[in-house]
Amino acid sequence: MATIRVAREDGSTVDEVAWQAEQLEIVEKVNGPAGAALIAAGIGAFFLGLFTTWNEASTGMHDFLEMDKDVGPLSGKTILAVVTYLVSWAILAPLMWKRSLPWSTILIVTALLLAAGFIGTFPKFFEEFASD
């Protein structure tokens, strides 16, 4: 601990203590809950791409996903993707609650899931699976 002498307006001096980081006991917080939310978002995006491709590949899936006739199968795809996101978040959050994972691992897993989900939503990709 270092001592600093500070002059007051009235001419007197006071000794003040300068704290060092290790004396403040700075602790890194766990990132599990945030990691669970990010990975769950990636899972939801992945399933949106999966449902989009599956919709093109199967007439039965197309009919199942058509929850609202005016909207078409998009209604089922988005509803099920959001439900998948919420369920995966509900499962991952308690598992990762008190853990701290490397941010690089969390971000790589999330990025891979997002990329796979985005690929599944591109027409050039899902039209390859179209049932005739």
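These notes cover the structure that comes with them. None of the values given here were measured: they were computed from a predicted structure.

Cut-offs applied
- Residues numbered from 1 in each chain as written.
- Predicted model: local features only at pLDDT ≥ 70, side-chain atom pairs only at ≥ 80, totals over all residues.
- Heavy atoms only, no water.
- Axes fitted to C-alpha atoms, helices over the stretch in contact; angles between N-to-C directions.
- Helix = DSSP H or I, 4+ residues; strand = E, 2+ residues; numbered from the N terminus.
- Parallel < 35°, antiparallel > 145°, perpendicular 65-115°, else oblique.
- Left-handed = near helix turned anticlockwise from the far one by under 90°.
- Contact = heavy atoms within 4.5 Å.
- Nonpolar A, V, L, I, M, F, W, Y, C, P; charged D, E, K, R; others polar.
- Phe/Tyr/Trp six-rings, centres within 6.5 Å; stacked < 30°, edge-to-face > 60°.
- Buried < 20%, exposed > 50% of the residue type's maximum accessible area, 1.4 Å probe, protein only.

**Describing the packing of helix α1 (residues 32-57) against helix α4 (residues 103-120)**
Here comes step 1: For the pair α1 and α4, interaxial distance at closest approach is 7 Å and the crossing angle is 15 degrees. Viewed along their axes, α1 and α4 adopt a mutual orientation that is roughly parallel. Crossing of α1 over α4 shows left-handed handedness. Residues A34, G35, L38, I39, A41, G42, I43, A45, F46, G49, T52 and T53 of α1 form the contact with α4, whose participating residues are W103, I106, L107, V109, T110, L113, L114, A116, G117 and G120.
Here comes step 2: Taken together, the residues of the contact of α1 with α4 sort by class into 14 nonpolar, eight polar and no charged.

**Remarks on the packing of aromatic side chains**
Here comes step 1: Summed over all chains, the structure comprises four aromatic pairs.
Here comes step 2: Between F47 and F51, the ring centres sit 5.8 Å apart and the planes meet at 50 degrees, which makes this aromatic pair tilted. Pair noted here: F47 and F51 are both in helix α1, with a separation of four residues, about one helical turn.
Here comes step 3: We classify F47 as partly exposed; its relative accessible area is 27%.
Here comes step 4: Site record: aromatic cluster; members linked through ring pairs are F46, F47 and F51.

**Some thoughts on the packing of α1 against helix α3 (residues 73-96)**
Here comes step 1: Closest axis-to-axis distance for the α1/α3 pair is 7 Å, and the angle between their directions is 150 degrees. With respect to each other, α1 and α3 are oriented roughly antiparallel. With respect to the hand of their crossing, α1 and α3 are arranged in right-handed fashion.
Here comes step 2: Looking at the contact of α1 with α3 residue by residue, the classes come out as 18 nonpolar, eight polar and one charged.

In short, geometric facts, not functional conclusions.
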